[in-house]
Amino acid sequence: MNKVDSAKKQKMLARLQEFTLMDDDFMTRFFENDKDCTQFVLQTILGNKKLKVIDTVAQKTVKSLEGRSVRLDVYAKDNKGKPYDIEIQRADKGAGAKRARYNSALMDADITVPGEDAKNLPESYVIFITENDIFKKGKPLYKIDRYIDGEELFNDEAHIIYVNGEYKGNDSFGDLMHDFHCKKADDMKNKILADRARYLKEDDKGVKHMCRIMEEMAKEERDERTVEMAAKILESGKMTEKELIEMFKLTAKQIKAIKERVAVLV
């Protein structure tokens, strides 16, 4: 390994040690394919120790036929078919009411089977874990449901929950939020989360996995910037598609993404 590669690796390792579960990139990899940790978090937030997660997917893209698709940080499903979307939000504006509504709607559309009666839609949850107490009431979490005239529950079974990342109470919610802010596994209070963090940050196999993921993420970020820039140029009419392909050395996948983005802009 030459000096440049060695320095690059050391920088990557240092960055890995600074990650907490409040960093969405690390959080998604933390819970990816780990049903036990995802289940523990959902059980804690919902106060339901009987909840059983059977599937979990990180960065699940839910497509919309007409509008904008969304990428869910962590998508999970339990043994009763209920879907869950867990989102990390450090910026308050990213956890707005309309985004929660949109995520919930696309989750419904994603699991809808053509011709099936809407009454068979399963109960669903969109959960935002926010760095700040965006509602400023000091509660560990905020549950949002629809009501008829503010009194009787509408009972559409579409739930939105905001978890207050600032909460420091001496209870299970406080312990969970404490762990979400920890850089070191040894500082975590919940063993199941500490063991997972220790694997990804200290175990050779886990560290190699994370370094590979971080390299892929860096490439995806570069590709995304290229697509964004090329889409703006194409939309402006300053260059033709052929000229863009030659200039940016675009792949077929990138060209498709550019055209989709231009269609949305138009």
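Each remark here, short or long, concerns the structure printed above.
What you are looking at is a predicted structure, and each value in this text was computed from that prediction instead of being measured.

1. Structural notes on the overall build of the chain
No. 1: Within the chain, the regular secondary structure consists of nine helices and eight strands.
No. 2: With respect to the principal axes defined by its C-alpha atoms, the chain has extents near 60 × 50 × 35 Å.
No. 3: Buried positions account for 39% of the 266 residues belonging to the chain.
No. 4: Of all intrachain contacts in the chain linking residues separated by at least 6 positions in sequence, the fraction that spans at least 24 positions is 56%.
No. 5: Total accessible area computed for the chain in this model is approximately 16,200 Å², and 50% of it derives from carbon and sulfur atoms.
No. 6: Both charge centroids of the chain, one from 50 positive and one from 50 negative side chains, sit 4 Å from each other.

2. Details of the environment of Thr44
No. 1: Checked against the element boundaries, Thr44 lands in helix α3 (residues 35-46).
No. 2: On a C-alpha basis, the gap between Thr44 and Cys211 in space is 30 Å, while along the polypeptide they are 167 residues apart.
No. 3: Leave out the neighbours within four places in its chain, and Thr44 touches Lys49, Ser172, Phe173 and Leu176.

3. Notes on the pairing of strand β2 (residues 70-78)
No. 1: The buried count for β2 comes to seven of nine residues, which makes it a mostly enclosed element.
No. 2: Strand direction decides the pairing type here: strand β1 (residues 53-62) and β2, joined by eight bridges, are antiparallel. Residue Val53 lies in a different strand from β2, and its bridge partner there is Asp78.
No. 3: Alignment of β2 against strand β3 (residues 83-89), held across four bridges, turns out to be antiparallel. Residue Ala76 lies in a different strand from β3, and its bridge partner there is Tyr84.
No. 4: Hairpin connection of β2 to β3: four residues between the antiparallel strands, including Gly81 at a positive phi of 85 degrees.

4. Overview of the pairing of β3
No. 1: Counting buried residues in β3 gives seven out of seven residues, a clear majority hidden from the surface.
No. 2: Residues Pro83, Asp85, Glu87 and Gln89 of β3 are buried on one face, and the alternating residues Tyr84, Ile86 and Ile88, pointing to the opposite face, are buried as well.
No. 3: Bridging between β3 and strand β4 (residues 124-130) involves six bridges; their strand directions are parallel. Bridging across to β4, Tyr84 finds its partner in Tyr125.

5. Some words on the layout of surface pockets
No. 1: Here the largest pocket defines a volume of roughly 1,800 Å³.
No. 2: If you trace the largest pocket, you find 38 residues lining it, with Thr61, Arg71, Glu224, Ala257 and Arg261 closest to the centre.
No. 3: Looking at the lining of the largest pocket residue by residue, the class counts come to nine nonpolar, nine polar and 20 charged.
No. 4: For the second largest pocket, the calculated volume is near 300 Å³.
No. 5: Taken together, Lys8, Lys11, Met12, Arg15, Met214, Glu215, Met217, Ala218, Glu221 and Arg222 make up the lining of the second largest pocket.
No. 6: With six residues, helix α7 (residues 204-236) is the largest single contributor of residues to the lining of the second largest pocket.
No. 7: Here the lining of the second largest pocket is composed, by residue class, of four nonpolar, no polar and six charged.

6. Points about the sheet that holds strand β5 (residues 141-144)
No. 1: Read across the open sheet, the six strands follow the order β1-β2-β3-β4-β8-β5; overall the sheet is mixed. Among the strands making up the open sheet, the edge pair consists of β1 and β5. On average, adjacent strands in this sheet sit at an angle of 20 degrees to one another, irrespective of strand direction.
No. 2: Where helix α4 (residues 97-111) meets the sheet, its contacts fall on β1, β2, β3, β4 and β8 (158-164), and the angle it forms with β4 comes to roughly 145 degrees.

7. Structural notes on the nonpolar core
No. 1: Counting 41 residues, the largest nonpolar core has Phe30, Phe31, Ile45, Ile129, Phe180 and Leu193 as the members making the most contacts within it.
No. 2: With five residues, α3 is the single largest residue contributor to this core.
No. 3: Ignoring anything within four residues of it in the chain, the contact list for Leu193 reads Phe30, Phe31, Cys37, Phe40, Val41, Leu176, Asp179 and Met188.
No. 4: With 13 residues, the next largest nonpolar core counts Leu72, Ala95, Leu106 and Tyr162 among its residues.

8. Here we look at empty space enclosed by the protein
No. 1: Tallied over the entire structure, the rule returns one cavity of 30 Å³ or more.
No. 2: Put simply, the largest cavity is a space of about 40 Å³.
No. 3: Lining the largest cavity are Leu234, Glu241, Leu244, Leu250, Ile255 and Ile258.
No. 4: If you list the elements that add at least two residues to the lining of the largest cavity, you get α8 (241-248) and α9 (252-265).
No. 5: Residues belonging to the lining of the largest cavity are distributed by class as follows: five nonpolar, no polar and one charged.

Quick notes on the rules
Residues numbered from 1 in each chain as written. Predicted model: local features only at pLDDT ≥ 70, side-chain atom pairs only at ≥ 80, totals over all residues. Heavy atoms only, no water. Helix = DSSP H or I, 4+ residues; strand = E, 2+ residues; numbered from the N terminus. Buried < 20%, exposed > 50% of the residue type's maximum accessible area, 1.4 Å probe, protein only. Contact = heavy atoms within 4.5 Å. Areas by Shrake-Rupley, 256 points an atom, 1.4 Å probe, with all protein chains shown as cover. Lys, Arg positive; Asp, Glu negative; His and termini not counted. Charge placed at Lys NZ, Arg CZ, Asp CG, Glu CD. Pairing = 2+ DSSP bridges. 1 Å grid on protein atoms, 1.4 Å probe; cavity = no way out; pocket = protein on both sides within 12 Å on 5 of 7 lines; lining within 4 Å. Points joined across faces, edges and corners; volume = space filled by probe spheres on them. Nonpolar A, V, L, I, M, F, W, Y, C, P; charged D, E, K, R; others polar. Axes fitted to C-alpha atoms, helices over the stretch in contact; angles between N-to-C directions. Core = buried A, V, L, I, M, F, W, Y, C linked by side-chain atoms within 4.5 Å.

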